[in-house]
Amino acid sequence: MLQNRIFSAIAALISTICTILFFSPIHRDIFAEGVFLFFLLFAAYYIVLQNKARLLSLFRSKQWIAGLFMLLFPFFAVLSMKGEQTHLQHSPLFIKFLIYIGTYVSTSIIVLFAASLILSIKPNRPNPDKKRVLIFVYALPSLIVWPFYLIAFFPGAMTADSIFQWEQAHTGKFNDWHPVMYTFFIMLVTAVWDSPAAIGIAQIIIISVVIGYCLFELEKAGAPKWAVWTVSILFAVSPVNGIYSITVWKDILYSTFILLFTTLICKLIMTNGNWLNSFPSFLFFTMAALGVVFFRHNGFVVCLASLIILFAVFRHLWKRWLLVISLVVVIHYAVTGPLFTYLNVTPSDPNEALSIPTQQIARVIAYNGEMTEQQAEYINKIMSLDLWKKFYNPYVTDPIKFSGHYNKRAIFPNHLSTYLRTWWEICLQNPRLVIEAMIKQTSLVWQMNEPNDGYTSMFVTNVFYGNKFGLKNEVISQPITNMVGTYLKWSETTGKPFLWRPAVYMFFILLFTFIAFLRNDRKAWLLPIAVLLNVGTVFIALPAQDFRYLYSNSLVFFIAFLFAFISYRKTPNQTE
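Because the structure is a prediction, the values reported are computed rather than measured.

A. Highlighting the overall build of the protein. For the protein, the count of helices and strands is 28 helices and 0 strands. A compact globule built from 576 residues would reach a C-alpha radius of gyration of about 25 Å, and the protein, at 25 Å, matches this within 12%. Counting only C-alpha atoms and orienting by the principal axes, one finds that the protein spans roughly 75 × 65 × 55 Å. For the protein, buried positions account for 54% of its 576 residues. Long-range pairs, those at least 24 residues apart, make up 82% of the contacts in the protein with a sequence separation of at least 6. Per element, the accessible surface of the protein, about 26,100 Å² overall, is 68% carbon and sulfur. Charge separation in the protein, taken as the distance between the mean sites of 43 positive and 27 negative side-chain charges, equals 13 Å.

Below, the structure is given as structure tokens:
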């Protein structure tokens, strides 16, 4: 016992020094953070040593998967947390190596610490007799808190994208640049009350009821009541959820459906897929899948890929899965085909999918990379090379594609093959520059630490200024506006590294899923498939550093946390 404490203290001290140096020089201003980190690491080392026998037995039973996770997860986490590290520029290579190894070990021991703590909590027995009224009970904190955001920033938050869809909803001239289904939602809600506030109210109710349902199902499955209530309260007081609940963006409902879809995947995991056997469950699951499909353009790929993976795992229900997949595909193409044709919907701009190639070409031009005369001549037809260099921003494509000088007709509809061939040749000629361009443009996806020269677009609190509908914010209660505004200001300054970087949530989702896997079996890895597929599709076409594109990360984070506490049965005929 004493030996463990001495070892833990020494190891924690070394790990603390290495981890602090990984982020910044050691100085008196970080004394409090250093003390906190030391005690955290001391507890981590000590608890892991105390539980090493149990952890080793779990790892042995999970064979190579647990070992591979423990090898790779801390490595990618350290890579994701890495900043500019200007204070280490002149340090010897050996010192840098020690700092990196120390930080890697610190991350590894914290992962094991989290696993030890959660696995030490005995899950409750599943209780299918829970009253459905709990759905509304768990929704109540959000229903109480979020209206304060609407009062503070009445009638809600709207950007240029919001106004664009507002206009469509009021003119009936549809453009699929932003999914038409969200425009239909605006039309439906504003038919009752023609105000952005009506959308905020509707979204507050929908998101609250969805999280209430999710928490109800997870408590039924055996999640501890204290953990469920903790999530219910944290979900409500999260400034991310609060301000997004009153923001007129398609991403809000899309992410809400990802949350619901993930919870239903959780039910499939816990019942070996047999939950889908009943017709109400089948119908509910199909509706949730269609919600993922229609509220953002990448949703169809995310949903279809998820369904195929679930089909492969739960193939004993192959007839059900074929029916779900067929319905989703048929309804998707029926809506985007005949219905869109009937409504004269203008197709979305295909150039939106070229964000990464655009940034790669721009970086090669901006940094005087290698290009042939033929390549330069073609790229110059799209936009003058001088303007490519002038408008290039490593983290957003908008200055290029919305510059007014960008000639899309040199690409679409007849020259896409020329564009792609030219882009690929440029990539082969300038591998370092194009990799740098992709790393920077996709920073929001994979990097917990915001780059010094980067940014994160978090939220707005106002209606887009100067809109032609005369929509503007009104002050209903100045004290509430000041209070909520101060809270949001705190979130975008002090709280920003934890609340407004989607990669933070993604790494925690993976950690909690790993713990659920240790507690149960390999099916646990199915839980985050929808949110990870969303991350993947955003990664390959990210236009800007907008948190909203990955808002679903911050929602599924809560479900993954509760899932780590659940021990599900493996009875083949279990249906609840």
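Let's pick the thread back up.
B. Broad picture of the domain arrangement of the protein. For the protein, the domain assignment lists domain 1 (1–120), domain 2 (133–347 + 465–564) and domain 3 (350–446). Taken over C-alpha atoms, the centre of domain 1 sits 40 Å from the centre of domain 3.

C. The arrangement of the packing of aromatic side chains in detail. A full pass over the atoms with the stated rule returns 48 aromatic pairs. Relative to Phe-558, the ring of Phe-557 has its centre 5.1 Å away and its plane inclined at 70 degrees; by these criteria the two rings are edge-to-face. Residue Phe-557 shares its accessibility class with Phe-558, and that shared class is buried. Here the guanidinium or amino end of Arg-548 rests over the ring plane of Trp-249, the centre of that ring lying 4.5 Å away.

D. Seen up close, helix H22 (residues 431–441). When we look at burial in H22, the residues that qualify are Leu-433, Val-434, Ala-437 and Gln-441. An end-on view of H22 places all buried positions within 95 degrees of arc, on one side of the element. Away from the buried face of H22 by more than 90 degrees, exposed residues Arg-432 and Ile-435 are located. Residues of H22 that are buried sit in contact with helix H17 (355–366), helix H21 (416–429) and helix H23 (443–446).

E. Representation of unusual backbone geometry within the structure. Here Phe-154 and Pro-155 are connected by a cis peptide whose omega angle stands at 5 degrees. Secondary-structure assignment places Pro-155 in the loop between helix H7 (147–152) and helix H8 (160–171). That bond from Phe-412 to Pro-413 is cis: its omega, 0 degrees, falls within 30 degrees of zero. Tracing the chain through its elements places Pro-413 in the loop between helix H20 (398–401) and H21. The phi torsion at Gln-85 lies on the positive side, around 55 degrees, for a residue other than glycine. Its place among the elements puts Gln-85 in the loop between helix H4 (63–81) and helix H5 (93–119). Positive phi is not limited to glycine here, since Asn-344 has a value of about 55 degrees. Relative to the helices and strands, Asn-344 is located in the loop between helix H16 (318–342) and H17.

F. The packing of helix H18 (residues 373–382) against H21, seen in detail. Across the interface, H18 lies against H21 with an axial gap of 11 Å and an inter-helix angle of 125 degrees. Between H18 and H21, the angle falls in the class oblique. The two elements H18 and H21 cross, and the hand of that crossing is left-handed. In contact with Gln-375, Tyr-378, Ile-379 and Ile-382 of H18, H21 contributes Thr-418, Tyr-419, Thr-422, Glu-425, Ile-426 and Gln-429. Residue composition of the contact of H18 with H21, by class: 5 nonpolar, 4 polar and 1 charged.

G. Summary view of the pattern of salt bridges. One pass over the structure, following the stated rule, counts 18 salt bridges. Across the pair Lys-220 and Glu-217 runs a salt bridge, and its minimum N-O distance is 3.5 Å. With Lys-220 and Glu-217 both in helix H10 (residues 196–221) and 3 residues apart, the pair spans about one turn of that helix. Each member of the pair, Lys-220 together with Glu-217, is buried. The salt bridge involving Lys-267 is made with Glu-217; its shortest N-O contact spans 2.8 Å. Within this pair, whereas Lys-267 is found in helix H13 (residues 250–270), its partner Glu-217 is found in helix H10, the two being separated by 50 residues in sequence. Of the two residues examined, Lys-267 and Glu-217, each falls in the buried class. Members of the salt-bridge network, linked through shared partners, are Asp-161, Asp-251, Arg-296, Asp-546 and Arg-548.

H. Geometry of the packing of H17 against H21. Contact pair H17 / H21: the axes reach a minimum separation of 10 Å and the direction vectors enclose 50 degrees. Between H17 and H21, the interaxial angle falls into the category oblique. Remark: the crossing between H17 and H21 carries left-handed chirality. Residues Pro-357, Thr-358, Gln-360, Ile-361 and Val-364 of H17 lie in contact with H21, whose contacting residues are Tyr-419, Trp-423, Ile-426 and Cys-427.

I. Spatial organisation of the nonpolar core. Membership of the largest hydrophobic core comes to 159 residues, with the highest contact counts inside it found for Tyr-244, Phe-285 and Phe-563. By residue number, the principal contributor to this core is H10, which donates 14 residues. When residues of this core are sorted by domain, at least three fall in each of domain 1 (1–120) and domain 2 (133–347 + 465–564). Apart from the residues lying within four places of it in its own chain, the contact partners of Phe-285 are Phe-261, Leu-264, Leu-268, Trp-275, Leu-276, Leu-307, Leu-310, Trp-321 and Val-324.

J. Up close: a nonpolar patch on the surface. Residues Trp-64, Leu-68, Leu-71, Leu-72, Phe-75, Phe-76 and Leu-79 make up a contiguous nonpolar surface patch of about 700 Å² in total accessible area. With respect to the secondary-structure elements, Phe-75 resides in helix H4.

K. Broad picture of the environment of Phe-113. Looking at where Phe-113 falls in the secondary structure, it is placed in helix H5. Taking the relative accessible area as the measure of exposure, Phe-113 reaches 12% and is therefore buried. Sequence separation between Phe-113 and Pro-479 is 366 residues; the distance between their C-alpha atoms is 43 Å.

L. Local environment of the confidence of the model for the protein. With 99% of its residues at a pLDDT of at least 70, the protein reaches an overall mean of 95. Scored below 50 in pLDDT, residues 571–576 makes 13 contacts in the model with residues more than four places away or belonging to other chains.

Definitions and cut-offs
Residues numbered from 1 in each chain as written. Predicted model: local features only at pLDDT ≥ 70, side-chain atom pairs only at ≥ 80, totals over all residues. Heavy atoms only, no water. Helix = DSSP H or I, 4+ residues; strand = E, 2+ residues; numbered from the N terminus. Rg over C-alpha atoms; globule rule 2.2 N^0.38 Å. Buried < 20%, exposed > 50% of the residue type's maximum accessible area, 1.4 Å probe, protein only. Contact = heavy atoms within 4.5 Å. Areas by Shrake-Rupley, 256 points an atom, 1.4 Å probe, with all protein chains shown as cover. Lys, Arg positive; Asp, Glu negative; His and termini not counted. Charge placed at Lys NZ, Arg CZ, Asp CG, Glu CD. Domains from an automatic or database assignment. Phe/Tyr/Trp six-rings, centres within 6.5 Å; stacked < 30°, edge-to-face > 60°. Lys NZ or Arg CZ within 6 Å of the ring centre and 35° of its normal. Arc of directions from axis to C-beta. Axes fitted to C-alpha atoms, helices over the stretch in contact; angles between N-to-C directions. Parallel < 35°, antiparallel > 145°, perpendicular 65-115°, else oblique. Left-handed = near helix turned anticlockwise from the far one by under 90°. Nonpolar A, V, L, I, M, F, W, Y, C, P; charged D, E, K, R; others polar. Salt bridge = Lys/Arg side-chain N within 4 Å of Asp/Glu carboxyl O. Core = buried A, V, L, I, M, F, W, Y, C linked by side-chain atoms within 4.5 Å. Patch = residues over 30% accessible without salt bridge, like charges linked within 9 Å, V, L, I, M, F, W, Y side chains within 5 Å. pLDDT = per-residue confidence, 0-100.

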